[in-house]
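Chain by chain, the residues:
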Amino acid sequence: MSISPDLAGRVYPAGDPYIVGREKIREFAAAVKATSAAHFDVEAAGALGYADVVAPPTFAVLIAQRADAQLIADPESGIDFSRVVHADQRFTHHRPIVAGDELVTELHVDTVRAMGGGAMITTRAEISTTGGRHVATTISSLLVRGEE
């Protein structure tokens, strides 16, 4: 099945909130070898003005990928996940992600560009608190390889 260019412009609404956990931030920070004490220690984060530990900037990918999963699971998208290559990821942060945040994400399919037998799909995930405060915007490019 080919990727429909009609996907461009589609919006996937926010699903259930992602509740940011202190231990999840610590585990992620350790995995990406982040060194700031504010990622691990509540007092160190507090000294910088935060209510709890602060996530490394790339933590937003965990939340954005949950939104991307809606697109991939949509039968109308024509995406075979076994043929997906994550080509690019960019972040714009409006404020840090902190343990205790409850985040929701609305996914926008910005572009679909045919490439050979496949397609390059660019999505934009708008991450906000459940109270409506904008937290981050992530731009992701997925290359869906064509059939061989």
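Residues numbered from 1 in each chain as written. Predicted model: local features only at pLDDT ≥ 70, side-chain atom pairs only at ≥ 80, totals over all residues. Heavy atoms only, no water.

Within an unreviewed UniProt entry, the label attached to the chain reads UPF0336 protein GCM10008096_23180, and the organism entered is Zhihengliuella salsuginis. Per UniProt, the comment on the chain under Sequence similarities (unreviewed entry) is "Belongs to the UPF0336 family." (UniProt positions renumbered as here; feature names shortened; annotations may be inferred.)

Structural notes on the overall build of the chain
From N to C terminus, the chain includes three helices and six strands. Beginning at the N terminus, the succession of helices and strands in the chain can be written as β-β-α-α-α-β-β-β-β. Seen along its three principal axes, the alpha-carbon backbone of the chain occupies a region of about 55 × 30 × 20 Å. Across the chain, contacts joining residues at least 24 apart in sequence account for 67% of those joining residues at least 6 apart. Here the chain has roughly 7700 Å² of accessible surface; of this, 54% comes from carbon and sulfur atoms. Charge centroids of the chain, computed over 13 positive and 19 negative side chains, lie 4 Å from each other. (Helix = DSSP H or I, 4+ residues; strand = E, 2+ residues; numbered from the N terminus. Contact = heavy atoms within 4.5 Å. Areas by Shrake-Rupley, 256 points an atom, 1.4 Å probe, with all protein chains shown as cover. Lys, Arg positive; Asp, Glu negative; His and termini not counted. Charge placed at Lys NZ, Arg CZ, Asp CG, Glu CD.)

Points about the UniProt feature "domain: FAS1-like dehydratase" (unreviewed entry) in the chain
Those places that UniProt annotates as "domain: FAS1-like dehydratase" (unreviewed entry) correspond, in this numbering, to residues 8-137. Counted over residues 8-137, helix gives 23% and strand 34%. Its end C-alpha atoms are 18 Å apart.

Some details on the side chain of Ser-140
Turning to its location among the elements, Ser-140 is positioned in strand β6 (residues 134-144). Judged by its relative accessible area of 1%, Ser-140 is buried. Within the structure, Ser-140 has its side chain in polar contact with the side chain of His-86 (distance 3.2 Å). When residues no more than four places from it in sequence are discounted, the contact partners of Ser-140 are Asp-68, His-86, Asp-88, Gln-89, Ile-121, Thr-122 and Thr-123. (Buried < 20%, exposed > 50% of the residue type's maximum accessible area, 1.4 Å probe, protein only. Polar contact = N/O pair within 3.5 Å; in protein donor to acceptor, adjacent residues only side chain to side chain.)

Concerning the nonpolar core
If you look at the biggest cluster of nonpolar residues, it comprises 17 residues, and the most contacted ones within it are Ile-3, Leu-7, Leu-71, Ile-79, Val-109, Val-112 and Ile-121. Elements that contribute at least two residues to this core include exactly α3 (60-73), β4 (102-115), β5 (118-129) and β6. Among the elements that line this core, the one with the most residues is α3, at four residues. Excluding residues within four positions of it along the chain, Leu-71 makes contact with Leu-7, Tyr-12, Ser-77, Ile-79, Leu-107, Val-109, Ile-121 and Thr-123. Grouped together as the second largest cluster of nonpolar side chains are 15 residues, Val-20, Ile-97, Ile-127 and Val-135 included. (Core = buried A, V, L, I, M, F, W, Y, C linked by side-chain atoms within 4.5 Å.)

Looking at the environment of Ala-125
Relative to the assigned elements, Ala-125 resides in strand β5. Separated by 62 residues in sequence, Ala-125 and Ile-63 have C-alpha atoms that sit 8.8 Å apart. Leave out the neighbours within four places in its chain, and Ala-125 touches Ala-64, Thr-105, Glu-106, Leu-107, Ala-136, Thr-137 and Thr-138.

Some thoughts on the packing of aromatic side chains
All told, the structure shown has two aromatic pairs when counted by the stated rule. Grouped by ring-pair contacts, the aromatic residues Tyr-18, Phe-28 and Phe-59 constitute a single cluster. (Phe/Tyr/Trp six-rings, centres within 6.5 Å; stacked < 30°, edge-to-face > 60°.)

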